[in-house]
Amino acid sequence: MKTSGVWILWLIFNLLFLLSTRNPVYLLIVLTGLLLSGYRMTRKNQRASWLKNNLRFLLTMVLLSALINALFTHNGRTVLFSFPQHWLLIGGNITLESVVYGTINGLTIGALYLLFTIINLALSVKQLTRLIPRAFHPIAMTVTIALTFFPSIQQRAREIKEAQMIRGNRMKKISDWLPLFIPLLVTSLEKSILLSESMTARGFHIPSRLKNSGLPFLGLLSALFFSFSGWILHLFSYPLLISALLYFVGGALVMATFLLSSQQTRITHFQKEVWHSADILMGIFLSVLILLWILFTINKLLPSLTYSPYPALLSPPFQIIGLLLSAVTFIPLLLSKHD
Amino acid sequence: MKNRLSGFFINIIILTLGFLSLLSPFVFPQARNSSATFPIIVSLMIGLCLLIVFYEIQISILDSKIIAFLGVLIAINAGLRFLENAVPGPAGFSPTFFLIILTGYYFGGRIGFLMGAMTMLVSGLITGGIGPWLPGQMITAGWVGQTSSLLRFLNSKFNWREKPAEIITLAIFSAFWGMLYGAIMNLWFWPFIGTAPNQSWSQSAGLMKNIQQYTAYYLATSLIWDITRSVGNVLMISILARTVLTVFMRFQRRFNFRYEQGIKP
């Protein structure tokens, strides 16, 4: 798995799965998969510290979430102990169920965080920048310039800092920043003038008012409108089919807008991403899985994978399909042998 | 004129929808029943809002001069986050906001918005902080830059430009945003961590209780961070703002030229 498209599909599937299950067994499987893949992907000398940092974050999240939930919600049957009723907000029963619920919340948050950490590890900055749609190429250009200038500005900041320290500036207070920051700002702004001139000389003077720019605009606005109303209808528990339809229309409008307005701009391709056969197969597999998932959820064909400790604590249910779906997190681990 | 008017309307729509999405646990208590999916959907909505604002800015002002200017300024601002190590500061202190505020103040709302949003994007790319929290950060930092152009309006109305009052208003503004930024970023996360489903919500009582809970959560988790951020902002503005504004003024005078369209072949 090297192409960004496959990684994004993997991310979408995992997000869908994580957000619909609250079963601690599946969550733990997913977390193991994520931790192992992340461990594999970091450099050899940083592996131990990576694992330690992430486990620490996970533990903090679980503890914090369990604590807050236990203090603020007083549902559940198994009472551990209770605070006097007149205490503001935290007065009432502290129940085992709310501790468990908080723990599950913490596990979900930790898994979400880890998921995105792995995407950051797997995709290079270049690949991430390329994910900005072509319709927004001036924005992407700005990002690229910022990323390119970042190391040289840091280098210059270090030089100016050294020069100031030789002249007796201790760099301790905020007011000592002034002789560092102002030369940095002035020289960088001078560079930006040069850069803009050379961009114009190379023909990059964006026709700032594109032809029929109203159409994409209308598309995006109505996409926002459709998805927002779909969400609101979903919140007021209208049938899922209506909001799914509205979401679909919104998403399709966004896609269509991107396609249409990207056709107006011509770009050069430099170092294209190569799709190997394994990536193509993986991409097809994941997209079919996502489509099936969405169809099954709308038609309520899938057994419910969710789990709630309320009103009374029971052991979480255990389904084969859930196990199989949570094993999708292990795919990068299996494929990385071939890379 | 038409350009500015349409931009104004778009921004009003986006502001309303964005705030509505962020405030949805207060406005729609039902949102908390689906607490797991909630932050992701809010992020998607805010992402769409961001795309629209970006598109509006892109077709109205963005040309090669502004792209180069913004790119360099964003690189400086993202680098400021790393300079934190050079000059030790207390926890929660972040030196990025003052440049966003000053850019928005001097160069107008659209450039301010881009400056704020893209600083978050680029520093997220560099530090590996891409995630569902990013759209919220981006739009809030964008609003910081956008609203600071209102201050310019105020200052020229009372003829406070290049007087001490200018710096004072900027400092108050930055202190205000230092607190508000923390409160808004917490809003995104809060329904996820402090809720239970299946609670019978009587909707009229829900709002008060919601606000109470949020206040408790806010006081417990992030008040100290926000206060240090505010104090840091005020310090940075009061020390650096005058000089930076002078640099901007000189730069704008030099940079304020237009390329004439040549004869088409």
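Residues numbered from 1 in each chain as written. Chains lettered and ligands numbered in written order. Predicted model: local features only at pLDDT ≥ 70, side-chain atom pairs only at ≥ 80, totals over all residues. Heavy atoms only, no water.

> Explanation requested: the interface of chain B and chain A in the structure shown.
Interfaces are often described in size by the accessible area the parts lose on coming together. Between chain B and chain A, the contact holds 92 residues from the first and 87 residues from the second. Of the roughly 8,300 Å² buried between chain B and chain A, counting both surfaces, carbon and sulfur atoms make up 80%. In this structure, the connection of chain B to chain A is made through 2 salt bridges. Residues Arg250(B) and Glu190(A) are paired through a salt bridge, measuring 3.7 Å at the closest nitrogen-oxygen approach. Looking at the side of chain B that touches chain A, the element that brings in the most residues is helix 4 (residues 64-83) of chain B, giving 17 residues. For the side of chain B that touches chain A, the per-class residue count stands at 65 nonpolar, 22 polar and 5 charged. (Contact = heavy atoms within 4.5 Å. Buried area = accessible area lost by both parts, 1.4 Å probe. Salt bridge = Lys/Arg side-chain N within 4 Å of Asp/Glu carboxyl O. Helix = DSSP H or I, 4+ residues; strand = E, 2+ residues; numbered from the N terminus. Nonpolar A, V, L, I, M, F, W, Y, C, P; charged D, E, K, R; others polar.)

> Explain a nonpolar patch on the surface here, please?
Residue and element names in this part refer to chain A. Taken together, the side chains of Trp 275, Ile 280, Ile 284, Val 288, Leu 292, Leu 295, Phe 296 and Leu 301 present a nonpolar region at the surface, about 740 Å² in accessible area. Mapped onto the secondary structure, Val 288 falls in helix 10 (residues 277-299). Of the residues examined, Val 288 reaches a relative accessible area of 43% and is grouped as partly exposed. (Patch = residues over 30% accessible without salt bridge, like charges linked within 9 Å, V, L, I, M, F, W, Y side chains within 5 Å. Areas by Shrake-Rupley, 256 points an atom, 1.4 Å probe, with all protein chains shown as cover. Buried < 20%, exposed > 50% of the residue type's maximum accessible area, 1.4 Å probe, protein only.)

> How should unusual backbone geometry be read in this particular structure?
A negative phi angle characterises most non-glycine residues, just as the trans form characterises most peptide bonds. All names here are of chain B. Located in the positive-phi region is Asn 159, a residue other than glycine, with phi close to 60°. The topology assignment puts Asn 159 in the loop between helix 7 (134-157) and helix 8 (164-193). Located in the positive-phi region is Glu 162, a residue other than glycine, with phi close to 60°. Judged by its relative accessible area of 57%, Glu 162 is exposed.

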